[in-house]
Number of protein chains: 2
Amino acid sequence: MVRGAGRIPAIEDARLRRVALCLLLGACARSLPASDFALAPDIRATAESLRERASSGSEATRWVRELTDRVGPRLAGSPGDAAAVAWALATLKAQGFARVRAEKVLAHVWKRGAESGEITAPYRQPLALTALGGSVATPAGGLEAEVVEVASLEALDAKGEAARGKIVFFNKKMERGGDFSGYGRAVDVRGAGPSRAAKYGAAGVLIRSIGTDHNRTPHTGALKYEEALPKIPAAALAIPDAELLERLVREGKPVRVRFILTCRSEADTESANVIGEIPGREKPEEIVLLGAHLDSWDLGTGAIDDGTGCAIVLEAARLIGHLPRRPRRTIRVVLFANEENGLAGARAYGDAHQSELARHVAAFESDSGTGRPTGLSWNAGPSAEPLVAEIAAILAPVGAGQATGGASGGADLSPLRPAGIPLFALGQDSSRYFDYHHTANDTFDKVDPPSLDANVAAVAAFAYVAAEIPHPFEKIPEAARKTPGS
Amino acid sequence: MVRGAGRIPAIEDARLRRVALCLLLGACARSLPASDFALAPDIRATAESLRERASSGSEATRWVRELTDRVGPRLAGSPGDAAAVAWALATLKAQGFARVRAEKVLAHVWKRGAESGEITAPYRQPLALTALGGSVATPAGGLEAEVVEVASLEALDAKGEAARGKIVFFNKKMERGGDFSGYGRAVDVRGAGPSRAAKYGAAGVLIRSIGTDHNRTPHTGALKYEEALPKIPAAALAIPDAELLERLVREGKPVRVRFILTCRSEADTESANVIGEIPGREKPEEIVLLGAHLDSWDLGTGAIDDGTGCAIVLEAARLIGHLPRRPRRTIRVVLFANEENGLAGARAYGDAHQSELARHVAAFESDSGTGRPTGLSWNAGPSAEPLVAEIAAILAPVGAGQATGGASGGADLSPLRPAGIPLFALGQDSSRYFDYHHTANDTFDKVDPPSLDANVAAVAAFAYVAAEIPHPFEKIPEAARKTPGS
């Protein structure tokens, strides 16, 4: 076994490591005799055949279309959420999955209600805005106050008491890019902004939408109130509206805004994680989990968040199920409930499957939209590295040839990390993703079928290898099992 | 005078004609001695200096910003409309225009009210839609009926009575292009569709928005009811929603939609055409009219329709007013009321100025958004052609070097055509214009300042020449004064 021999701890960059690995092995993967590899030739050949099968056209787009056309918006606990669970159960059964079931989740329930807003001074202008998920309502007649603009949480800290009684306007611009890094840098004001403003006595919060478009379609997303602080209403302005507010504030006259939200949280309601399996041929008790989330925000139809993810993992598993010989381990598709505003589905899965977490040999989540694969990110024990590099080489023709360590997995996988389960995800081209993410514009027309097929190709090839290799990936080392920031 | 000598009636294409003209003259414009031209060298030099002055950066973007930030939506008869009139009067005065006045217009008034819709069968889905301008309301509880999809007015004629009691869904796709031709081919279903459907007993009309985007921001626009037919409610679906409806209808099961509109027409209300002038130095009674429309639809802030037009003509005239020597004739800026849903401003101008229409030597309208100039279209007597070609040559550095005959002028100029007033317009790159046109997305962030300056450059140079040449353009021949289709 070559596995483990190639690790070069001093070389941090994944591409450099990969090059060094190739050099150690004597040449790059494709030109070496098979015996020098961790991956048996027949496994590689089957993975490549899955990749080619999916690349030539899969049913993934059909699944997104069915979910978005026949169900549409499916916020946790809503009638659409129940319809999505029914659709997923029926589809998994119809496609021949085994042990198809709905596992109960008590989902957080929040209802948007009506929402509107306007600038009332120095000029009167309507504003396109939407409540942040989890926000409390404004007073019945609306909340009107002067606006204080800040660029960040830190800038608010610097203003401190100047925010008292005001509406804090977090005007933090998200930069467009090919990955999620711009989102990561900007999104703190959405999650933490409302309580930070409440700390200084603010009456309400408006944020510039965390997005990269210029449409009057504001971006919702969950906020996180701190229990010890007053809960104040919070909404996101569409980006053109945020820029209008910015221009008016910078004219120097006091600017006042009035907004009305009637949103409310309600008692937890039953939803479900929907699960189906391709049973393993030799070790059915060992599991490769392919996850995505079935719920969506209410504004659009959840096509790219996360209809595409559901379609990608469903289709990848379906194609594996159609192989002449199923892989050694079980492929388990998990369509999680309530990812968007609560992660109750993820926690319920972790709780319900605690006893078998040790037998999860890999977990993968698809939750990055419709963009082409750009790489394979992973998090496992160090001995997994050469094998991951070989898998990435198989994925190279569909764009995912670069392996990058340190994957956190998707949000739904966070309860699995403490158990050390090796985590995987595909990088995807996200340059347009945040034009539509969490908006009314997240609809089926945004889906790019060829890119979706490329994702199916990569996931199917990866999952097959993970389920077929004789020895599972090394688990995440104890020291690395804590989720960053948790 | 060379004017008129170069006309080659057999050569229909404007570019070919121009080439032939150059050949007749012995060489292309720039390389000929000045005496061979209609245009005196000092006129050409001043026009070029205006072009360069505007190209280097004008105040046009400031005017759009003020109008959209401080006024915003300004549908005829609304408080925003009155605020726009006040803004225009104050701005023209502050910028030194002469005879600044508001000329009374009795504007058609229509109020949008609330609007919503949903597919009710075979699946329940909310729909993003907006009432067509002038539509009647639905019954108070909404209108629900089965949908009949047709691709055109003609396709509806072929279905005929199959539409009885149904909601007719005009699903006519507008193609993207650099000009207005795609709009022209698609828009008939908006204007004529409601009455055509009523003729066959339909209960209501939905159209695929006349636009080129994929946003959940439907495109409004005026319908035109035929007096003899029942008025039925009509709305435009956002394009993603139209495509959803198309997919569901084509699944073959009956599809039902319910929509609610509370829009209503009200009694005509006073609005105004706002006028300001740069008085002519020798023939102040002769007028070069530079027009745009001050009103806008209510969904956006009317930045590109027609804030940019207002800004372009205002700024072009302002720059002419700052010349060391004003031109021979008067430049009259007319910011028309109620273009979008009634043309009451245009008609009021024609009526109020009937006695001086003979002294209008040229009329130009800017109503094509923020795109770069692509050419100069014109409609005048044939002897104007060589002069127009010379003007176009001056505009070539800002993109408008191609002259095209047969201009209809903007909608606001239609009452001037029967008087034979020479009509002019700039072609503009419209490839993105119909992403935003008549939607909530028509906001200031869509404005491109360099393109706006290029338009100002072209309009200022054109208007100066029109106001300075010794002899006015030949009027439109009698036979060509009828507006096509009217």
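Residues numbered from 1 in each chain as written. Chains lettered and ligands numbered in written order. Predicted model: local features only at pLDDT ≥ 70, side-chain atom pairs only at ≥ 80, totals over all residues.

This paragraph deals with the overall build of chain A. When helices and strands are counted, chain A shows 13 helices and 16 strands. Taken over C-alpha atoms, the radius of gyration comes to 23 Å for chain A, in line with the 23 Å a tight globule of 486 residues would show. Among the 486 residues that make up chain A, the fraction classed as buried is 58%. When contacts within chain A are restricted to residue pairs at least 6 apart in sequence, those whose partners lie at least 24 apart make up 82%. (Helix = DSSP H or I, 4+ residues; strand = E, 2+ residues; numbered from the N terminus. Rg over C-alpha atoms; globule rule 2.2 N^0.38 Å. Buried ≥ 20, exposed ≤ 12 C-beta atoms within 10 Å, placed from the backbone. Contact = placed C-beta atoms within 7 Å.)

Attention shifts here to the nonpolar core. Counting 304 residues, the largest nonpolar core has A463(A) and A463(B) as the members making the most contacts within it. Other than its neighbours up to four places away in sequence, A463(B) contacts V288(B), L290(B), A316(B), A317(B), I320(B), I331(B) and F364(B). (Core = buried A, V, L, I, M, F, W, Y, C linked by C-beta atoms within 7 Å.)

Taken as rigid bodies, chain A and chain B are interconverted by a rotation of 180° and an axial shift of 0.0 Å, the fit giving an RMSD of 0.0 Å. Such a combination of rotation and displacement between the chain copies is what one expects of a two-fold axis. Same-surface contact between copies: 100% of interface residues of chain A are shared with the interface of chain B. (Least-squares fit on C-alpha atoms with pLDDT ≥ 70 in both.)

So, on to the packing of helix α9 (residues 303-321) of chain B against helix α13 (residues 449-468) of chain B. Residue and element names in this part refer to chain B. Contact geometry for α9 and α13: axes closest at 8 Å, N-to-C directions at 50°. Put simply, α9 runs oblique to α13. Here α9 and α13 pass one another in a crossing that is right-handed. When α9 is examined against α13, the residues T308, A311, I312, V313, E315, A316, A317, L319 and I320 are found in contact with a partner set consisting of L452, N455, V456, V459, A460, A463 and Y464. For the contact of α9 with α13, the class distribution of residues is 13 nonpolar, 2 polar and 1 charged. (Axes fitted to C-alpha atoms, helices over the stretch in contact; angles between N-to-C directions. Parallel < 35°, antiparallel > 145°, perpendicular 65-115°, else oblique. Left-handed = near helix turned anticlockwise from the far one by under 90°. Nonpolar A, V, L, I, M, F, W, Y, C, P; charged D, E, K, R; others polar.)

Residues and elements named next belong to chain A. Taken across its 6 residues, strand β9 (residues 256-261) has 5 buried, putting it largely inside the fold. Relative to β9, strand β2 (residues 115-121) runs antiparallel, the two sharing 6 bridges. Looking across to β9, one finds that I119 is bridged to V257. Sheet topology places strand β5 (residues 143-150) next to β9; 4 bridges connect them, and they run antiparallel. In the sheet register, E146 faces β9, and the bridge partner there is R256. (Pairing = 2+ DSSP bridges.)

Time to look at the sheet that holds strand β8 (residues 234-237) of chain A. Sheet strands pair by backbone hydrogen bonding; their relative direction is either parallel or antiparallel. Residues and elements named next belong to chain A. Strand order in this open sheet of 8 strands is β3-β2-β9-β5-β6-β7-β8-β4, and the pairing throughout is mixed. Each edge of the open sheet carries a strand with a single partner, namely β3 (125-127) and β4 (129-131). For this sheet the average axis-to-axis angle between neighbouring strands, irrespective of direction, equals 30°. By the bridge criterion, 4 bridges tie strand β7 (residues 204-208) to β8 in an arrangement that is parallel. Each residue of the ladder has a partner; that of R208, found in β8, is L237. Together, β6 (167-170), β7 and β8 form the strand contacts of helix α7 (residues 188-199), whose direction differs from that of β7 by roughly 155°.

Further remarks concern the domain arrangement of chain A. All names here are of chain A. Along its sequence, chain A is organised into domain 1 (16-109 + 268-480) and domain 2 (113-262). The C-alpha centroid of domain 2 is placed 34 Å from the C-alpha centroid of domain 1. Each partner contributes to the interface: domain 1 provides 16 residues, whereas domain 2 provides 20 residues. Residues of the side of domain 1 that touches domain 2, tallied by class, amount to 4 nonpolar, 9 polar and 3 charged. (Domains from an automatic or database assignment.)

We now examine the interface of chain A and chain B. Between chain A and chain B, the residue contacts involve 19 residues of the former and 19 residues of the latter. Of all the secondary-structure elements, those providing two or more residues to the side of chain A that touches chain B are α3 (60-71) and α8 (239-250) of chain A. If one sorts the elements of the side of chain A that touches chain B by residue count, α8(A) sits on top with 5 residues.

Looking now at the sheet that holds strand β11 (residues 283-293) of chain A. All names here are of chain A. The strand order across the open sheet built from 8 strands is β1-β10-β12-β11-β13-β16-β14-β15, with neighbouring strands paired in mixed fashion. Each of the sheet's edge strands pairs with one partner strand only, and the pair in question is β1 (98-111) and β15 (403-404). Pairing analysis gives 8 bridges linking β11 to strand β12 (residues 329-336), with the strands arranged parallel. When the bridges of β12 are listed, A292 appears paired with L335. Helix α9 (residues 303-321) contacts β10 (264-278), β11 and β12 of the sheet and is inclined by roughly 155° relative to β11.

In this section: unusual backbone geometry. Between A121(A) and P122(A) the backbone carries a cis peptide bond, its omega angle lying at 5°. Put simply, D305(B) and D306(B) share a cis peptide bond, and its omega is 10°. As for its placement among the helices and strands, D306(B) is situated in helix α9. One non-glycine residue, L343(A), lies in the positive phi region at around 60°. One non-glycine residue, H438(B), lies in positive phi territory at about 65°. Of the residues examined, H438(B) has 29 C-beta atoms within 10 Å and is grouped as buried.

Below, the discussion takes up the pairing of strand β13 (residues 360-365) of chain A. All names here are of chain A. By the criterion of burial, β13 is predominantly enclosed, with 6 of the 6 residues buried. Pairing analysis gives 5 bridges linking β11 to β13, with the strands arranged parallel. For I287, the partnering residue across the bridge sits in β13 and is H360. Of the pairings in the sheet, the one linking β13 to strand β16 (residues 423-428) comprises 2 bridges and is parallel in character. Among the inter-strand pairings, A363 is bridged to a residue of β16, identified as L423.

Once that is clear, we can look at the environment of G420(B). Residues and elements named next belong to chain B. Tracing the chain through its elements places G420 in the loop between β15 (403-405) and β16 (423-428). Given 20 C-beta atoms within a 10 Å radius, G420 is considered buried. Expressed as a C-alpha distance, the spacing of G420 and E474, which sit 54 residues apart in the sequence, is 9.0 Å. Not counting residues up to four positions away in its chain, the partners in contact with G420 are K475, I476 and R481.

Residue and element names in this part refer to chain B. In this fold, K111 is placed in strand β1 (residues 98-111). Taking C-alpha positions, K111 is 11 Å from L261, a pair spaced 150 residues apart along the chain. Apart from the residues within four sequence positions on either side, K111 is in contact with C263, R264 and E266.

All names here are of chain A. Contact geometry for helix α2 (residues 41-55) and helix α13 (residues 449-468): axes closest at 7 Å, N-to-C directions at 160°. With respect to α13, the element α2 is oriented roughly antiparallel. As for how α2 packs across α13, the hand of that crossing is right-handed. Between α2 and α13, the residues in contact are I43, T46, A47, L50, R51, A54 and S55 and D453, A454, V456, A457, A460, A461, Y464, V465 and E468, respectively. Each residue belonging to the contact of α2 with α13 can be placed in one class, and the counts come to 11 nonpolar, 2 polar and 3 charged.

Turning next to α7(A). Residues and elements named next belong to chain A. Over its 12 residues, α7 runs 16 Å from end to end, which matches the ideal 16 Å to within 8%, given 1.5 Å per residue. Listed as buried for α7 are V189, R190, G193, P194, S195, R196, A197 and A198. On its buried face, α7 sits against α5 (153-159), β6, β7 and β8. Residue G201 follows α7 closely and has a positive phi angle near 85°. (Expected span 1.5 Å × (residues − 1).)

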